[in-house]
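Read off the chains here:
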2 protein chains.
Amino acid sequence: MSKKIKVEEKILNLNEKYARLNEKLLKKNNIPCFNLISSPGAGKTTLLSATIQRLKNTVKPAVIVGDIATDIDAEKIRLSKAPAVQINTDGACHLSAKQVNVALKRIFTKKPDIIFIENVGNLVCPSAFQLGETAKITILSTAEGNDKPAKYPGSFAGSKAVIINKIDLLKTGAVDFDIQKVKDDIRKLNQDIIIFELSAFSGENMETWCDWLKKQADQLPV
Amino acid sequence: MSKKIKVEEKILNLNEKYARLNEKLLKKNNIPCFNLISSPGAGKTTLLSATIQRLKNTVKPAVIVGDIATDIDAEKIRLSKAPAVQINTDGACHLSAKQVNVALKRIFTKKPDIIFIENVGNLVCPSAFQLGETAKITILSTAEGNDKPAKYPGSFAGSKAVIINKIDLLKTGAVDFDIQKVKDDIRKLNQDIIIFELSAFSGENMETWCDWLKKQADQLPV
């Protein structure tokens, strides 16, 4: 085994330790936590803002936001009146379970019913780092093209649900996106995955996704 | 200095060694080589296919394609009758200079006048790994939103040019993209950067970009 692989394993093992701590913390507090993974610009922040607007009268959301630089996203989330903790990874391409552990302790003081983690915009690296989340959710926008599930299989294979976002673009004819092919390709990687097709920007089909989230919050074992 | 940082430096130093080898090889063969960096779905492959169509009668292009999995992109490039070498990174989030070194030796046998490297779809990691390229070029699509230069500064700061792709989407009203703000933000990171605004899908403004590429090929020191 090469030195590089050994070091990678060590980093992943340390991450796994914190991930297990986070999992226990979330279970103890009875709060579901969803880790949102996508390319930059697939619409994570817009989706979260639109989701918070629809959830906040029945379920109290809070958000942990990961970015390489800036706190633009946390500020946007706070505009929708949900508490948000920004983590700047200072160049790193994914959130670590240790960073999330620190953020969780801060966010618990706000007593949320549901927590979203908005990971760094990257369809590759975040899928390899467990954060102790209840489930991963991958977001793919119709502007990204048909071939993304086959080309970036890790995140789709490891997610409980996928959101196909920006379906309002399909009507413009300006994107080359065969939604049936994409869904078939996603199911080849993960036959149990739940697929939502929506537009956070136009609001189309947002209710189906939000109803599912409310059920996830209700169904948690006490 | 922590062990993690030491190992990262070692990996980067080894990469740097191969990058210098590649740089020498390219200079010796008098071939410009552009490393294309973007999120998944910003349109690298469509841009390359459209560029090859327009260049191939005057300048002979060849492409090195990096992907985590599949050879979908190399197959698409070959349809436009340019030679393409596919590198599968087997999970890794960026191309390394060593991988490119192997691919360059194969691609030189095709005697190209210009080489494009289509990096793994990732706006974060590829910008940290020099490949010995003549220049990096970052591609950003109008579907990705206004805030990407501020949130992912590394790739913009280190590029010679940036392509704002999918400008045909601006007319649909379905994307929230302030092109002037984005250009200002890019220039704050890199005041000498050249900015192209085009649509590889509709063909709009492709000529300006292709004329620039032809000039780059002509201006190389012999």
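Anything mentioned here points back to the structure above.
To start, this report covers the structure provided alongside it. (Residues numbered from 1 in each chain as written. Chains lettered and ligands numbered in written order. Predicted model: local features only at pLDDT ≥ 70, side-chain atom pairs only at ≥ 80, totals over all residues. Heavy atoms only, no water.)

## Comments concerning the overall build of chain A
Line of reasoning, step 1. Helix and strand counts for chain A stand at eight helices and seven strands.
Line of reasoning, step 2. Rg of the C-alpha trace for chain A: 17 Å, near the compact-globule value of 17 Å for 222 residues, within the 12% margin.
Line of reasoning, step 3. Taken along the three principal axes of its C-alpha coordinates, chain A extends 50 × 45 × 35 Å.
Line of reasoning, step 4. Classification of the 222 residues of chain A by burial places 57% in the buried group.
Line of reasoning, step 5. A fraction of 72% describes how many contacts in chain A between residues 6 or more apart in sequence connect residues 24 or more apart.
Line of reasoning, step 6. Put simply, chain A shows about 9600 Å² of open surface, and 51% of that area lies on carbon and sulfur atoms. (Helix = DSSP H or I, 4+ residues; strand = E, 2+ residues; numbered from the N terminus. Rg over C-alpha atoms; globule rule 2.2 N^0.38 Å. Buried < 20%, exposed > 50% of the residue type's maximum accessible area, 1.4 Å probe, protein only. Contact = heavy atoms within 4.5 Å. Areas by Shrake-Rupley, 256 points an atom, 1.4 Å probe, with all protein chains shown as cover.)

## Examining the interface of chain A and chain B
Line of reasoning, step 1. Listed by partner, the interface residues are 40 residues for chain A and 40 residues for chain B.
Line of reasoning, step 2. Taking both sides of the interface into account, the surface hidden between chain A and chain B amounts to around 2900 Å²; carbon and sulfur atoms contribute 66%.
Line of reasoning, step 3. By the criterion of area lost to chain B, the three top residues of chain A are Pro40(A), Lys151(A) and Tyr152(A), representing 19% of everything that side buries.
Line of reasoning, step 4. Joining chain A to chain B, the criterion identifies six salt bridges.
Line of reasoning, step 5. The shortest N-O distance in the salt bridge between Lys151(B) and Asp67(A) comes to 3.8 Å.
Line of reasoning, step 6. One can count eight residue pairs in polar contact (both at pLDDT 80 or more) joining chain A with chain B.
Line of reasoning, step 7. Those elements that place two or more of their residues in the side of chain A that touches chain B are helix H1 (3-29), helix H3 (72-79) and helix H5 (148-151) of chain A.
Line of reasoning, step 8. Looking at which element gives the most residues to the side of chain A that touches chain B, the answer is H1(A), with five residues.
Line of reasoning, step 9. Of the residues assigned to the side of chain A that touches chain B, the class counts are 19 nonpolar, eight polar and 13 charged. (Buried area = accessible area lost by both parts, 1.4 Å probe. Salt bridge = Lys/Arg side-chain N within 4 Å of Asp/Glu carboxyl O. Polar contact = N/O pair within 3.5 Å; in protein donor to acceptor, adjacent residues only side chain to side chain. Nonpolar A, V, L, I, M, F, W, Y, C, P; charged D, E, K, R; others polar.)

## What to know about the pattern of salt bridges
Line of reasoning, step 1. Enumeration according to the criterion identifies 32 salt bridges over all chains in this entry.
Line of reasoning, step 2. The partner of Asp147(A) in a salt bridge is Lys76(B), and the shortest N-O contact between them spans 3.1 Å. With Asp147(A) in the loop between strand E5 (135-141) and H5 and Lys76(B) in helix H3 (residues 72-79), the pair connects residues from two separate chains.
Line of reasoning, step 3. Overall, Asp147(A) belongs to the buried group, its relative accessible area being 10%.

## A short note on the relation of the copies chain A and chain B
Line of reasoning, step 1. Rotating chain A by 180° about the axis while translating it 0.0 Å along that axis superimposes it on chain B, leaving an RMSD of 0.0 Å. What the rotation and shift describe, once combined, is the action of a two-fold rotation axis.
Line of reasoning, step 2. Interface overlap between copies is the fraction of interface residues in one copy that are interface residues in the other; for chain A against chain B it reaches 100%, indicating a shared surface. (Least-squares fit on C-alpha atoms with pLDDT ≥ 70 in both.)

## A word on the side chain of Asp185(B)
Line of reasoning, step 1. Counting through the fold element by element, Asp185(B) comes out in helix H7 (residues 179-189).
Line of reasoning, step 2. Excluding residues within four positions of it along the chain, Asp185(B) makes contact with Asn146(B) and Pro149(B).

## Regarding the nonpolar core
Line of reasoning, step 1. With 44 residues, the main nonpolar core has Leu169(A), Ile186(A), Ile164(B), Leu169(B), Phe177(B) and Ile186(B) as its most contacted residues.
Line of reasoning, step 2. Secondary-structure elements contributing two or more residues to this core are strand E6 (161-165) and helix H7 (179-189) of chain A together with strand E6 (161-165) and H7 of chain B.
Line of reasoning, step 3. For this core, the element with the most residues is H7(B), which contributes three residues.
Line of reasoning, step 4. Leaving out residues up to four positions away in the same chain, Leu169(B) has contacts with Leu169(A), Ala174(A), Val175(A), Thr142(B), Ala143(B), Ala174(B) and Val175(B).
Line of reasoning, step 5. Leu47(A), Phe116(A), Ala200(A) and Trp209(A) belong to the second largest nonpolar core, which has 31 residues in total. (Core = buried A, V, L, I, M, F, W, Y, C linked by side-chain atoms within 4.5 Å.)

## Observations concerning unusual backbone geometry
Line of reasoning, step 1. Phi is positive for Lys81(A), which is not a glycine, with a value near 65°.
Line of reasoning, step 2. Phi at Thr70(B) takes a positive value of approximately 75°, unusual for a residue other than glycine.
Line of reasoning, step 3. With respect to the helices and strands, Thr70(B) occurs in the loop between strand E2 (61-67) and H3.

## Structural notes on the pairing of strand E1 (residues 33-37) of chain A
Each regular strand displays side chains that alternate between the two surfaces of the sheet.
All names here are of chain A.
Line of reasoning, step 1. Across the five residues that make up E1, a large majority, five, are buried.
Line of reasoning, step 2. The two faces of E1 match: Cys33, Asn35 and Ile37 on one face and Phe34 and Leu36 on the other face are all buried.
Line of reasoning, step 3. Taken together, the four bridges between E1 and strand E4 (residues 114-118) define a ladder with parallel strand orientation. The residue bridging Asn35 from the neighbouring strand is Ile117, located in E4.
Line of reasoning, step 4. Where E1 and E5 come together, four bridges link them in parallel fashion. The partner of Leu36 across the bridge, within E5, is Ile137. (Pairing = 2+ DSSP bridges.)

## A short note on the packing of aromatic side chains
All names here are of chain B.
Line of reasoning, step 1. On inspection of all chains with the given rule, the structure shows nine aromatic pairs over all chains.
Line of reasoning, step 2. Judged by centre distance (5.5 Å) and plane angle (70°), the ring pair of Phe196 and Trp209 falls under edge-to-face. Taken together, the residues Phe196 in strand E7 (residues 194-197) and Trp209 in helix H8 (residues 206-218) connect sequence positions 13 residues apart.
Line of reasoning, step 3. What makes Phe196 buried here is its relative accessible area of 7%.
Line of reasoning, step 4. Three or more aromatic residues joined by ring pairs form one cluster here, namely Phe34, Phe116, Phe196, Trp209 and Trp212. (Phe/Tyr/Trp six-rings, centres within 6.5 Å; stacked < 30°, edge-to-face > 60°.)

## Digging into the environment of Leu198(B)
Residues and elements named next belong to chain B.
Line of reasoning, step 1. Structurally, Leu198 can be placed in the loop between E7 and H8.
Line of reasoning, step 2. Residues Leu198 and Asn165, spaced 33 residues apart in sequence, show a C-alpha to C-alpha distance of 5.2 Å.
Line of reasoning, step 3. Beyond its immediate stretch of four places on either side in the chain, Leu198 contacts Leu47, Ile163, Ile164, Asn165, Lys166, Ile167, Glu204, Asn205, Met206 and Trp209.

## Here's the deal with a positive patch on the surface
Line of reasoning, step 1. A surface patch of like charges, here positive, comprises Lys60(A), Arg106(A), Lys110(A) and Lys111(A).
Line of reasoning, step 2. Following the sequence through the fold, Arg106(A) ends up in helix H4 (residues 97-108). (Patch = residues over 30% accessible without salt bridge, like charges linked within 9 Å, V, L, I, M, F, W, Y side chains within 5 Å. Lys, Arg positive; Asp, Glu negative; His and termini not counted. Charge placed at Lys NZ, Arg CZ, Asp CG, Glu CD.)

## Details of the sheet that holds E1(A)
All names here are of chain A.
Line of reasoning, step 1. Read from one edge of the open sheet, seven strands run E3-E2-E4-E1-E5-E6-E7, paired in parallel fashion. Edge positions in the open sheet fall to strand E3 (84-88) and strand E7 (194-197), since each of these has one partner strand only. Averaged over all pairs of adjacent strands, the angle between their axes in this sheet comes to 20°, without regard to strand direction.
Line of reasoning, step 2. Against the sheet, H7 engages E5, E6 and E7, with an angle of about 160° to E7.
Line of reasoning, step 3. Contacts between helix H8 (residues 206-218) and the sheet are confined to E1, E4, E5, E6 and E7, with E7 contributing the most and set at about 140° to the helix. (Axes fitted to C-alpha atoms, helices over the stretch in contact; angles between N-to-C directions.)

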